[in-house]
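Survey of secondary and tertiary structure
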Amino acid sequence: MLNRMEMIRIFCSAADCSNFREAATRLGVSPQAVTRAIKALEEELGEILFHRNTRQVHITAFGEAYAVRARQMLEDFDALFRGHRAEAESAIAGRIGITAPQAIGKRFLVGFLQPLLKQHPQLVLNLRLEDEITDAVEAQIDIGIRVGFLRDSRYVARALAPVPLQVVATPELIAASGAPRDLDELQQRPLSVLIDRKNGRPWPWTFAHGPSLHPPTPALVCDDPEAELEAVLAGLAYGQLPAYLAQPYLENGRLQAVLTEQAPDPWQLFIYRPQQGPVPPRVRLVFDHLRACFSNPAQFPQG
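In this report, the structure presented in the accompanying data block is examined. All values reported here derive from a predicted model rather than from experimental measurement. (Residues numbered from 1 in each chain as written. Predicted model: local features only at pLDDT ≥ 70, side-chain atom pairs only at ≥ 80, totals over all residues. Heavy atoms only, no water.)

**Some thoughts on the overall build of the protein**
Secondary structure summary: the protein contains 10 helices and 14 strands in total. Expected size for 303 residues packed as a compact globule is a radius of gyration near 19 Å; at 32 Å, the protein overshoots this value by more than 25%. For the C-alpha atoms alone, the extent of the protein along its principal axes is close to 100 × 40 × 35 Å. Within the protein, buried positions represent 42% of all 303 residues. Roughly 17000 Å² of accessible area belongs to the protein as shown, and the carbon and sulfur atoms make up 51% of that amount. A distance of 7 Å separates the average location of the 31 positive side-chain charges in the protein from that of its 34 negative side-chain charges. (Helix = DSSP H or I, 4+ residues; strand = E, 2+ residues; numbered from the N terminus. Rg over C-alpha atoms; globule rule 2.2 N^0.38 Å. Buried < 20%, exposed > 50% of the residue type's maximum accessible area, 1.4 Å probe, protein only. Areas by Shrake-Rupley, 256 points an atom, 1.4 Å probe, with all protein chains shown as cover. Lys, Arg positive; Asp, Glu negative; His and termini not counted. Charge placed at Lys NZ, Arg CZ, Asp CG, Glu CD.)

Here it is as structure tokens:
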């Protein structure tokens, strides 16, 4: 059974057309559907809306007066949706919850978001910088940035950029210790170890074709990628660092890469939304902006 709003829409279309067949064509329904809707509305109102016979259809005086009111009602009803959408599109405002790894958040995310905040001062950013996956529901996350893999099929994810891993050290440390020619020689050098904050275990060094390395006697152990970078820059150890941290220093000569032919396959940087469904304009704007920034090698080093 048609609801009242559908009957009103069909009636208004029929009132604007010369016959029910024309109205049916305009609405994309059958003439019989128009006839049934008009009959049901007439029964609902207790008034005849159209005089009709096998050849002609004429709107009644009551129908003409009712059509004026009905068109205004439909216009007011549709304006509820048009007005909300136009207001939302023109005024980008409200809270955006974003999560990202700490190093990426501090070195890139805040800078990437700065132009949007100036352009849309009513945006309110809630940043959660954590190296492990953040509970999207509990933390009210709208957008996430992650390195690695996303196993939750409910997420709407897009790959942004490769994240190569490189074994690097200062030129002075390489000159003093000698550049390692293989993994056996690498283990004889002072190495850094990064601890997984979630479980307290050291992250292994990985290489092409599967081998991994757990430094038996590391020169440095820490749980912060930026602290590891600073120690490597100070010449305290070799480190296996992501390109987004190491690349600027490789370019200016403060670091050099070794064993490049044994580098592992790059990881991937992802941007994701925690759930499917309607996306508010403010979330879509920030999502698309960050996607463009992180995908640009000139803005986010990719090795």
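**Points about unusual backbone geometry**
Across residues other than glycine, the phi torsion is negative in most instances, and most of the peptide bonds are trans. Positive phi values are uncommon outside glycine, yet Leu-259 reaches one of about 50°. With respect to the helices and strands, the residue Leu-259 is situated in the loop between strand 13 (256-258) and strand 14 (267-273).

**With respect to the pairing of strand 7 (residues 165-169)**
Burial analysis of strand 7 places 5 of its 5 residues in the buried class, which makes it a mostly covered element. Both faces of strand 7 are covered, namely the face carrying Leu-165, Val-167 and Ala-169 and the face carrying Gln-166 and Val-168. Bridging between strand 7 and strand 12 (residues 239-242) involves 4 bridges; their strand directions are antiparallel. Within strand 12, the residue paired with Leu-165 across the bridge is Pro-242. (Pairing = 2+ DSSP bridges.)

**Description of helix 8 (residues 225-233)**
The buried fraction of helix 8 amounts to 7 of the 9 residues, a majority that puts the element mostly inside the structure. Here the buried face of helix 8 lies against helix 5 (102-119), strand 7, strand 8 (192-194), strand 11 (220-222), strand 12 and helix 9 (243-251). Residue Asp-224 occupies the N-cap position of helix 8, its side-chain oxygen lying 3.1 Å from the main-chain nitrogen of Glu-226. Following helix 8 by one or two positions, Gly-235 adopts a phi angle in the positive range, close to 80°. (Contact = heavy atoms within 4.5 Å. Polar contact = N/O pair within 3.5 Å; in protein donor to acceptor, adjacent residues only side chain to side chain.)

**Things to note about the sheet that holds strand 7**
The strand order across the open sheet formed by 3 strands is 12-7-13, and the pairing between neighbours is antiparallel. Unpaired on one side and paired on the other, strand 12 and strand 13 mark the two borders of the sheet. The sheet shows a mean angle of 55° between the axes of neighbouring strands, taken without regard to direction. Across the face of the sheet, helix 8 comes into contact with strand 7 and strand 12 while running at roughly 125° to strand 12. (Axes fitted to C-alpha atoms, helices over the stretch in contact; angles between N-to-C directions.)

**A look at the sheet that holds strand 6 (residues 156-163)**
Backbone-to-backbone hydrogen bonds pair the strands of a sheet. The strands run either parallel or antiparallel. Pairing within the open sheet is mixed, and its 5 strands lie in the order 4-3-5-14-6. The sheet terminates laterally at strand 4 (123-129) and strand 6, the two strands that pair on one side only. Looking at each pair of strands side by side, their axes are set apart by 20° on average, direction ignored. Looking at chain direction, strand 6 and strand 14 are connected through 7 bridges and run antiparallel. Looking at the pairing, Ala-157 lines up with Tyr-272 of strand 14.

**A word on the packing of aromatic side chains**
All chains considered together, the criterion is met by 10 aromatic pairs. When the ring of Phe-11 is compared with that of Phe-50, the centres are 5.9 Å apart and the planes differ by 65°; the resulting orientation is edge-to-face. Of this pair, Phe-11 sits in helix 1 (residues 4-16) while Phe-50 sits in strand 1 (residues 50-52); the two residues are 39 residues apart in sequence, bridging distant segments of the chain. For the pair formed by Phe-11 and Phe-50, the shared burial category is buried. Residues Phe-108 and Phe-112 carry aromatic rings whose centres are separated by 6.1 Å and whose planes lie at 40° to one another, so their mutual orientation is tilted. Linking Phe-108 with Phe-112, this pair stays in helix 5, spanning 4 residues, or about one helical turn. Just as Phe-108 is buried, Phe-112 falls in that class too. (Phe/Tyr/Trp six-rings, centres within 6.5 Å; stacked < 30°, edge-to-face > 60°.)

**With respect to the nonpolar core**
In terms of nonpolar packing, the biggest core is built from 37 residues, with Ile-143, Val-286, Leu-290 and Phe-294 touching the most fellow members. When contributions to this core are tallied by element, the ones reaching two or more residues are strand 3 (94-100), helix 5, strand 5 (143-147), strand 6, helix 8, helix 9, strand 14 and helix 10 (281-295). The biggest single contributor to this core is helix 5, with 7 residues. When residues of this core are assigned to domains, at least three fall in each of domain 2 (94-162 + 267-295) and domain 3 (165-262). Here Leu-290 is in contact with Ile-98, Leu-109, Phe-112, Leu-113, Ile-143 and Ile-271, once residues within four sequence places are set aside. (Core = buried A, V, L, I, M, F, W, Y, C linked by side-chain atoms within 4.5 Å. Domains from an automatic or database assignment.)

**Notes on helix 3 (residues 31-45)**
The first and last C-alpha atoms of helix 3 sit 21 Å apart over 15 residues, in line with the 21 Å expected at 1.5 Å per residue. Those residues of helix 3 not exposed but buried are Ala-33, Val-34, Ala-37, Ile-38, Leu-41 and Glu-42. Of the residues trailing helix 3, Gly-46 is marked for its positive phi of about 75°. (Expected span 1.5 Å × (residues − 1).)

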